[in-house]
Amino acid sequence: MSAIDTDHFRKLLLEERTRVAAAIENLQDDHAGTLSDEAGEETAYDNHLADTATETYDRELDYSLEENSEHVLAEIDAALKRIEDGTYGICTNRGEQIPVERLEARPYATLCIDCQRERER
């Protein structure tokens, strides 16, 4: 079992954290007002029904993306804490080291690929 270069992964995680935080901020800036504000209409009734539906769909999609990004941000923060605690790169299910290739692909992974596949079944 080889040692994990935690400095390398800390850097990767911090870069990813910056990117995800910027994406969240961008999504929040896109929807600072109400749906009527975004439509540019005095009332929502002035808009065509299809336009309102599209704007509602777009907003819901962005909310879902924001929620997912916030979840990823929490996972990144947890991974940074695991680095500090000395438990980074250990599968929380088996207690074995997660392969470096998996951590390169998903630096905030908590499970080895086999355990992740099992969980997804």
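Keep in mind that this is a model prediction, so the values were computed, not measured. Numbering of residues starts from 1 in each chain and follows the order in which that chain's sequence is written. The predicted origin of the model limits local features to residues at a pLDDT of at least 70 and limits the giving and counting of side-chain atom pairs to 80 or more, whereas totals for whole chains, interfaces and linings rest on all residues. Where side-chain values are given, they derive from all heavy atoms of the structure, hydrogens and water being excluded.

## Description of the environment of Thr110
- A run of DSSP states H or I qualifies as a helix once it reaches four residues; a run of E qualifies as a strand once it reaches two. Both are numbered from the N-terminal end. Inspection of the secondary structure assignment puts Thr110 in the loop between helix H4 (100–105) and helix H5 (113–120).
- Sequence spacing of Thr110 and Cys91 is 19 residues, and the spatial spacing of their C-alpha atoms is 5.5 Å.
- Look past the residues within four positions of Thr110 in its chain and what remains in contact with it is Arg82, Ile90, Cys91, Thr92 and Ile98. Contacts are assigned to residue pairs that have any heavy atoms within 4.5 Å of one another.

## Some remarks on the nonpolar core
- Only buried residues count toward a nonpolar core, which is a set of Ala, Val, Leu, Ile, Met, Phe, Trp, Tyr and Cys residues joined through side-chain atoms within 4.5 Å. Buried residues are those whose accessible area, probed at 1.4 Å on protein chains only, stays under 20% of the maximum for their type, while exposed residues exceed 50% and partly exposed ones sit between those limits. With 20 residues, the main nonpolar core has Leu13, Val20, Ile76, Tyr88, Cys91, Leu103 and Tyr108 as its most contacted residues.
- Considering each element in turn, this core owes the most residues, six residues, to helix H3 (residues 49–85).
- Not counting residues up to four positions away in its chain, the partners in contact with Tyr108 are Leu13, Val72, Glu75, Ile76, Ala79 and Arg82.

## Focus: the pattern of salt bridges
- By definition here, a salt bridge exists when the distance from a side-chain nitrogen of Lys or Arg to a carboxyl oxygen of Asp or Glu is within 4 Å. Inspection of every chain in the model, using the stated rule, returns eight salt bridges.
- Residues Glu84 and Arg10 are paired through a salt bridge, measuring 3.1 Å at the closest nitrogen-oxygen approach. Here Glu84 is found in helix H3, whereas its partner Arg10 is found in helix H1 (residues 6–30), with 74 residues between them in sequence.
- Glu84 gets classed as exposed once you look at its relative accessible area, which sits at 57%.
- Among the residues examined, Arg10 registers a relative accessible area of 25% and is labelled partly exposed.
- Here Arg94 makes a salt bridge to Asp114, at a shortest N to O gap of 3.8 Å. Taken together, the positions of Arg94 in the loop between H3 and H4 and Asp114 in helix H5 put the pair 20 residues apart, joining distant regions of the chain.
- Look at Arg94 and you get partly exposed, because its relative accessible area is 44%.
- One continuous salt-bridge network, built from bridges that share partners, spans Asp7, Arg10 and Glu84.

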